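# Chains, contacts and geometry: an overview
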Amino acid sequence: MKKSLLVAIGLLLTLGFAPAGNAADEIEVALLYPLTGPLAEAGGRIKAVYDVAQDVINNSYDIQGIPFSKTQGIPNKGNAKIKLSYYDTQGSPEVGKAETERILQEGKAKLIIGAYQSSVSKPTSFVTERNKFPFLCAVSSSAALTERGMKYFFRVAPTDFHDARMFFNFLEDMREDGRDVKRIAMVYEKTEFGIHAMKEVKKRIDGSGGVYELVAEVPYEYKATDVNAEALKVKAAKPDVIIHASLFSEMMLFAKAYKNLGVTTNANLSFCGGYQNPKFASGLGDTVEGYMGSCTFAADFIEKKAQLKTINDMYKAKTGMNLDGISMEAFTTLFVAADAFNRAKDLSPEAVRDALAATELEIATMPGKGVKFAENGQNIWIASTMSQIKNTEYKVVWPEEWATTPVTWGLRP
Amino acid sequence: MDLTIFLQLIISGLLIGFVFSLIAVGLSLIWGVMDILNFAHGEFLMLAMFTSFFLFAQLGIDPLYSLPIVVIVLYFIGAGTYRFVIKPLLGYTVLIALLATFGLSILIRNLVLFFVGPNYRVINESILAGKTFSIGGLYFSVPQSVAALLCILVTYGIYLLLTKSKFGRALRATSLDKDTAMLMGINTNRIFEITFGIGAACVGVAGGLLVNFYAVFPEVGLNFTVLAFVIVALGGFGNNGGAFLAGILVGLVTTMGGFFIGPEYKYTLVFLLYLVVITIRPKGLFGW
């Protein structure tokens, strides 16, 4: 009796002092996103998609065109599993910076992935750059982020540059079809994201030799309580095309204000942001019928790439929603991390950074070949398409290569 | 400039101003009687919106019909807040109660975030949502017009309650001198509790209507809280009629200023107006 008691105590002590998990078998990635605060909804969707991506990498699914889906974990690192640790920015640049410092002090993560807003990605990546630690940006779209000469900063998503280029290629197509696109109104939130999107649009209008004209420039404060003045400014300018750089809450207010105030236009185009939130299409019904925006994933992509259905189903089981462009960019980003870990000679910040810089990952998740970073850290294999809301669903309407349905032209309240 | 646009600006400014007034009137009432600034006012608004939303989503009750339920629920939330949060702190400095409401606001917001989640929720198919009517090229949002109408009724109702009823006299007496009111046999605790309840019920009306044209999410109250404080201060702390007029003024300043000076400056203009007014008249436009 006494002996078995001693054995039991010995076992308990052994278990008690054993590490909680086999740390050597895990590679920790710190995820920096707004999990509370005004952008918690977006953060929650992104968290769900990272959990799906982690599941696909760590377990065997064998999805065609998705690397690491057949193997379990990171093959060249003894099949180590990816471990995700979430850090809450609350949507605030200051909190984001503090959390980044905490991640670096803890010293467990091998890579930081973040942050949702460009205005948070910017200061947090300054911290990582100063500490020579790799930062992989999934979805922030301000092109300025990759124009800072940083060595440790990489971005998977298309930028305002890509979206603006796509918008004007699209408008050029429409113009050649005889549609009115000359008069453009630009509505944007006064944040890093909005201001840079505006610059990209303005640059193209100024360089068009009079083909396009900026008839209204409407900046507004983020977290607006009403947007009547803004919508009336747009109405007074009688634009052919309205371009938005807005997040969900304000995008919804604008859509309602346009309807309430009888604003008519030929096309309403959105940079990534509120437009891409699936609630925008499903929740606002007729109010947003015909709205268009940049898109790296829409549910009808599955018609072109059937293997994406498995991922979409996994995500839908967690959120009740289809994947959207932002979620798919985040999904792809974790595979970029997995690929870098797999190729890195070790898991030191310098080695992971070098592996990221040499990335040439072919992955069938978004338009374009996959992910390859230019010297400035921007993914140059990415492409964007134009989607349009039709009967509360996002449908790809341009370019022809990806379109599943034709463009519907003209918005009337 | 197109006259239609100018008139539309005035109409839009007035309509959104009435909504601001409706949110601020309850806050003003609580301050006027109790000298307590309720920092959880924005969260009360959020709770009202969520109550209305869930009555619609779960039971199919249109926000217009569920408005009385929302008002009653918010009354009890307000009265409960007084009984369990404010009342135990009444013997201490006002700052303690103020901080308690601040803490309560964080607690409510995070409880909702935890239990309901951060998702945006939108009602787009109610009796009022998305409806507009047009007169001579001028557009009127139906939910905002109804909110304007109810704002006038609520403010007038509070005016009548305060000036014409026995309860109103007791309330004003308590507001002027709590100790003397107690000596006259007025149950001041009861008065405070009902006042807090009515203040929350007022924001219940606002939330029940706002749900028709605004997304519902845990942080929604924050967007309105600061404006509501400015409106109450502009109108004169505790002056409900003042808060009513200041709300309309803020609506007009944000809309007209946003259009003529620049949308990015519209809130700056409101705060500038606030600074100018409290510098010249520290008691606010209609304070005494």
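Check the entry above for the structure.
Reading the values: the criteria
- Residues numbered from 1 in each chain as written.
- Chains lettered and ligands numbered in written order.
- Predicted model: local features only at pLDDT ≥ 70, side-chain atom pairs only at ≥ 80, totals over all residues.
- Heavy atoms only, no water.
- Helix = DSSP H or I, 4+ residues; strand = E, 2+ residues; numbered from the N terminus.
- Rg over C-alpha atoms; globule rule 2.2 N^0.38 Å.
- Buried < 20%, exposed > 50% of the residue type's maximum accessible area, 1.4 Å probe, protein only.
- Areas by Shrake-Rupley, 256 points an atom, 1.4 Å probe, with all protein chains shown as cover.
- Pairing = 2+ DSSP bridges.
- Axes fitted to C-alpha atoms, helices over the stretch in contact; angles between N-to-C directions.
- Disulfide = S-S within 2.5 Å.
- Core = buried A, V, L, I, M, F, W, Y, C linked by side-chain atoms within 4.5 Å.
- Domains from an automatic or database assignment.
- Contact = heavy atoms within 4.5 Å.
- Buried area = accessible area lost by both parts, 1.4 Å probe.
- Salt bridge = Lys/Arg side-chain N within 4 Å of Asp/Glu carboxyl O.
- Polar contact = N/O pair within 3.5 Å; in protein donor to acceptor, adjacent residues only side chain to side chain.
- Nonpolar A, V, L, I, M, F, W, Y, C, P; charged D, E, K, R; others polar.

Right, let's talk about the overall build of chain B for a bit. When helices and strands are counted, chain B shows eleven helices and two strands. Mapped from its N terminus to its C terminus, chain B presents α and β elements in the order α-α-α-α-β-β-α-α-α-α-α-α-α. Taking 19 Å as the expected radius of gyration for a compact globule of 288 residues, we find that chain B reaches 19 Å, a close match to that expectation. Dimensions along the principal axes, computed over C-alpha positions, put chain B at roughly 60 × 50 × 35 Å. In chain B, which comprises 288 residues, the share counted as buried stands at 58%. Surface summary for chain B: the accessible area is close to 11,900 Å², and the carbon and sulfur share equals 71%.

All names here are of chain A. The strand order across the open sheet built from seven strands is E7-E6-E8-E9-E10-E13-E14, with neighbouring strands paired in mixed fashion. Either end of the sheet is taken by a strand with one partner, and the two such strands are strand E7 (213–220) and strand E14 (393–398). Between one strand and the next, the sheet's axes are offset by a mean angle of 30°, whatever the strand orientation. Sheet topology places strand E8 (residues 241–245) next to strand E9 (residues 267–270); four bridges connect them, and they run parallel. Looking across to E9, one finds that isoleucine 243 is bridged to leucine 269.

Once that is clear, we can look at the state of the cysteines. Enumeration according to the criterion identifies zero disulfides over all chains in this entry. Cys137(A) provides the cysteine sulfur closest to Cys272(A), a residue in no disulfide bond, and the two sulfurs are 10 Å apart. Free cysteine: Cys151(B), not disulfide-bonded; nearest cysteine sulfur from Cys202(B) at 9.4 Å. You can call Cys151(B) buried: its relative accessible area is 0%.

With that settled, consider the nonpolar core. Grouped together as the largest cluster of nonpolar side chains are 217 residues, with contacts concentrated most on Ile113(A) and Phe280(A). Here the element with the most residues in this core is helix H1 (residues 3–34) of chain B; it accounts for 17 residues. Both domains that furnish three or more residues to this core are identified here as domain 1 (23–159 + 304–383) and domain 2 (161–303 + 386–398) of chain A. The contacts of Phe280(A), once residues within four sequence positions are left out, are Phe248(A), Met251(A), Met252(A), Ala255(A), Gly274(A), Tyr275(A), Val288(A), Tyr291(A), Ile389(A) and Tyr394(A). Within the second largest apolar cluster, 14 residues are counted, among which are Leu104(A), Ala109(A), Phe133(A) and Met150(A).

This paragraph deals with the interface of chain A and chain B. Across the contact, 38 residues belong to chain A and 36 residues belong to chain B. Buried surface at the junction of chain A and chain B, both sides included, amounts to about 3,300 Å², of which 59% is carbon and sulfur. On the chain A side of the contact with chain B, Thr225(A), Leu232(A) and Asn260(A) bury the most area, a combined 18% of that side's loss. Summed over the shared surface of chain A and chain B, the number is two salt bridges. A salt bridge links Lys266(B) to Asp226(A); its shortest N-O distance comes to 3.8 Å. Joining chain A to chain B, the criterion identifies eight residue pairs in polar contact (both at pLDDT 80 or more). Contributions of two or more residues to the side of chain A that touches chain B are made by helix H2 (40–58), E7, helix H7 (228–237), helix H8 (248–260) and helix H9 (278–284) of chain A. Residue classes in the side of chain A that touches chain B are distributed as 15 nonpolar, eleven polar and twelve charged.

So, about the pattern of salt bridges. Residue and element names in this part refer to chain A. Inspection of the entire model under this criterion finds 22 salt bridges over all chains. Among the ionic pairs, aspartate 51 bridges to lysine 47, the shortest N-O distance being 3.7 Å. Of the two residues, aspartate 51 and lysine 47 both sit in helix H2, four residues apart, roughly one turn of that helix. Judged by its relative accessible area of 32%, lysine 47 falls in the partly exposed class. Residues glutamate 172 and arginine 175 are paired through a salt bridge, measuring 2.6 Å at the closest nitrogen-oxygen approach. Here glutamate 172 pairs with arginine 175, and both are found in helix H5 (residues 160–176), just three residues apart, close to one helical turn. Taking relative accessible area as the criterion, glutamate 172 reaches 24% and is therefore assigned partly exposed. According to the relative accessible area criterion, arginine 175 is partly exposed, its value standing at 35%.

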